[in-house]
Amino acid sequence: MFRCLAFATFLLTPVICFGAAHEEIVRLNAEQKAGSQLVCHVPLNIIVDQKPVTLDFKNSMTVISNRGSTRTYQVIATFVPNGTTLPVITQHYRLNVITDETGQTQKIDPNSVSVTSPYSAEMAKNNESQLRNAPESYQSDSMVTVTDFPDFEIQGYENGPVTRCTIVSDKSNG
């Protein structure tokens, strides 16, 4: 039923380095101090029991460490059907990201993955397995547009939905 959620999570994990000019990406990355959050939303349209359902995919990524071109995040991803407040599924994992001159490589730490669902333990178990086995991915800088720093948008693959993101600074870090 929600098998696509693991794949959607990995493809849509909007860790900043997609597509603006590389200088803008470097600036967005530098804004992500330890303790700050990267928060992104994207509507996902899926079919469940032959009916269209729109989910709000929210990715809240707390910066654990930022060493310039290498960042580590603690991610909480939720999938909430429109008109409700309870997530169908919630994913927790650590994400390692390495930035180069044209994009970023993302890899989920398989030992950090935990998935819950109030609806189906089997769905959560299957989704957890998919995330644990997700391959490393590479995403180009060319998909990001800085709208109003530190806000930015990521164009989905094949004209898919636009992900809207912002960086929320940890006030205690200055």
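Look up a bit, the structure's there.
Residues numbered from 1 in each chain as written. Predicted model: local features only at pLDDT ≥ 70, side-chain atom pairs only at ≥ 80, totals over all residues. Heavy atoms only, no water.

**A short note on the overall build of the protein**
We count it as follows: Secondary structure follows DSSP: runs of H or I at least 4 residues long count as helices, runs of E at least 2 residues long count as strands, and numbering of each begins at the N terminus. Exposure classes here rest on a 1.4 Å probe applied to the protein chains alone. A residue is buried below 20% of its type maximum, exposed above 50%, and partly exposed in between. In what follows, a contact means two residues having at least one pair of non-hydrogen atoms within 4.5 Å. Note on areas: Shrake-Rupley, 1.4 Å probe, and residue coverage restricted to the protein chains presented here.
Looking only at helices and strands, the protein features three helices and 10 strands. Order of helices (α) and strands (β) in the protein, N terminus to C terminus: α-α-β-β-β-β-β-β-α-β-β-β-β. Looking at the 174 residues of the protein, the share that counts as buried comes to 44%. Sequence separation of 24 or more characterises 59% of the internal contacts of the protein that already satisfy a separation of 6 or more. Accessible area for the protein stands at about 8,900 Å²; split by element, carbon and sulfur atoms hold 52% of it.

**A closer look at the side chain of Ser36**
With respect to the helices, strands and loops of the structure, Ser36 is situated in the loop between helix H2 (22–31) and strand E1 (37–48). Look at Ser36 and you get buried, because its relative accessible area is 1%. With residues near it in sequence (within four places) discarded, Ser36 still touches Glu31, Met61, Thr62, Val63, Val168, Ser169 and Asp170.

**A closer look at the environment of Thr62**
Convention followed: For this analysis, a polar contact is any N or O atom pair within 3.5 Å, provided that within protein one partner can donate a hydrogen and the other can accept it, and provided that sequence-adjacent residues contribute only side-chain to side-chain pairs.
Its place among the elements puts Thr62 in strand E2 (residues 51–66). The exposure class assigned to Thr62 is partly exposed, which follows from its relative accessible area of 27%. Considered as a pair, Thr62 and Gln37 are 25 residues apart in the sequence and their alpha carbons are 4.4 Å apart. Polar side-chain contacts of Thr62 include one of 3.1 Å to the side chain of Gln37.

**Here's the deal with the pairing of strand E3 (residues 70–81)**
The criterion, for reference: When DSSP locates at least two bridges between a pair of strands, those strands are taken to pair.
Most of E3 is tucked away, with nine of its 12 residues classed as buried. Looking at chain direction, E2 and E3 are connected through 11 bridges and run antiparallel. The partner of Val63 across the bridge, within E3, is Tyr73. Hairpin connection from E2 to E3: three residues lie between these consecutive antiparallel strands, with Gly68 at a positive phi of about 80 degrees. Bridging between E3 and strand E4 (residues 89–99) involves 10 bridges; their strand directions are antiparallel. For Arg71, the partnering residue across the bridge sits in E4 and is Val97.

**A short note on the packing of aromatic side chains**
Our working rule: We call Phe, Tyr and Trp rings a pair once their centres come within 6.5 Å, taking the six-membered ring for Trp, and we label the pair stacked below 30 degrees between planes, edge-to-face above 60, and tilted otherwise. Only when the NZ of Lys or the CZ of Arg is both within 6 Å of the ring centre and within 35 degrees of the ring normal is a charge said to sit over the ring.
Per the counting criterion, the structure on display carries one aromatic pair. We note Arg27 situated over the ring of Phe149; from NZ or CZ to the ring centre the distance is 3.6 Å.

**Looking at unusual backbone geometry**
Cis rather than trans, the peptide bond between Phe149 and Pro150 has omega equal to 10 degrees. The backbone of Asp49 sits at a positive phi, close to 50 degrees, despite the residue not being glycine. Along the chain, the position of Asp49 falls in the loop between E1 and E2. Residue classification places Asp49 among the exposed residues on the basis of a relative accessible area of 66%. Notably, Gln50 is not glycine yet its phi reads approximately 65 degrees, a positive angle. Secondary-structure assignment places Gln50 in the loop between E1 and E2. You can call Gln50 exposed: its relative accessible area is 78%.

**Some remarks on the side chain of Arg71**
Threshold: When charges are tallied, Lys and Arg are placed among the positive residues and Asp and Glu among the negative ones, while His and the ends of the chain are skipped. The working definition used for a salt bridge is a side-chain nitrogen of Lys or Arg within 4 Å of a carboxyl oxygen of Asp or Glu.
Looking at where Arg71 falls in the secondary structure, it is placed in strand E3. One buried charge, Arg71, has no salt-bridge partner; the nearest side chain with opposite charge is Asp141, at 8.0 Å. For Arg71, the side chain forms a polar contact with the main-chain oxygen of Gly68, separated by 3.4 Å. Within the local environment of Arg71, its side chain forms a polar contact with the side chain of Thr99, the two groups lying 3.1 Å apart.

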